[in-house]
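# Fold and geometry: a report
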Amino acid sequence: VLRILNIGSNNIKMDGSYFMAQLLVFNSTLTTLNVGTNDVRSDGVECIAEALEMNSTLITLVLSWNKIDDKGVARLADGLAINDSLRSLSLGNTDFGSKGARNLGCALIVNSGLKDLNLEYSDLGSKGMEYLAAGLMINSTLTSLNLSYNKLDDEGMGYLTDCLTINSALKT
């Protein structure tokens, strides 16, 4: 029974993303999917996000080092708003910014399953941190958040500090 699938560092694009989405819809044993460092773009993430809405077994999803922009993250956030079984999501070093962070922040308000979120190298900036912090203030399940290399300045640090004074769930 397949539980962990690591297909990182390949050349997976749109068609491969579609096949991964089908796997997520029809496989009821897969708990970990690593597709980091591929050529997955926003249209491919849309397929995966739609499958997340129907999947209840996937616990870990790694999408880092792909070319996922704000549009793709917005669609992924829609999936996160519905899926409460995913515990760990890695979106490090993708191409999204403050607009994607706004959508992730909204998803964090309603998502009650995600525990670990990796957003390193995501180019959030102050505005993105403001949006993300709004969701983090309400979210009570996320315990680990990686924001390394996000061009946060003093203003962004202020937003993060504000949310951390309210959110007691975050540990790392």
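Please read all numbers here as calculations on a predicted model, not as lab measurements.

## Observations concerning the environment of Cys163
As for its position among the elements, Cys163 is in helix 6 (residues 154–166). With a relative accessible area of 0%, Cys163 lands in the buried category. Along the backbone, Cys163 and Gly36 are 127 residues apart, and their C-alpha atoms lie at a distance of 29 Å. The contacts of Cys163, once residues within four sequence positions are left out, are Ala133, Leu136 and Met137.

## Remarks on unusual backbone geometry
We note that Tyr121 has phi near 55°; this positive angle belongs to a residue other than glycine. One can find Tyr121 in the loop between strand 5 (116–118) and helix 5 (125–138). Judged by its relative accessible area of 38%, Tyr121 falls in the partly exposed class. Positive phi values are uncommon outside glycine, yet Tyr149 reaches one of about 55°. Relative to the helices and strands, Tyr149 resides in the loop between strand 6 (144–146) and helix 6.

Quick notes on the rules
- Residues numbered from 1 in each chain as written.
- Predicted model: local features only at pLDDT ≥ 70, side-chain atom pairs only at ≥ 80, totals over all residues.
- Heavy atoms only, no water.
- Helix = DSSP H or I, 4+ residues; strand = E, 2+ residues; numbered from the N terminus.
- Buried < 20%, exposed > 50% of the residue type's maximum accessible area, 1.4 Å probe, protein only.
- Contact = heavy atoms within 4.5 Å.

Such coordinate-based values are descriptive only and should not be taken to indicate function.
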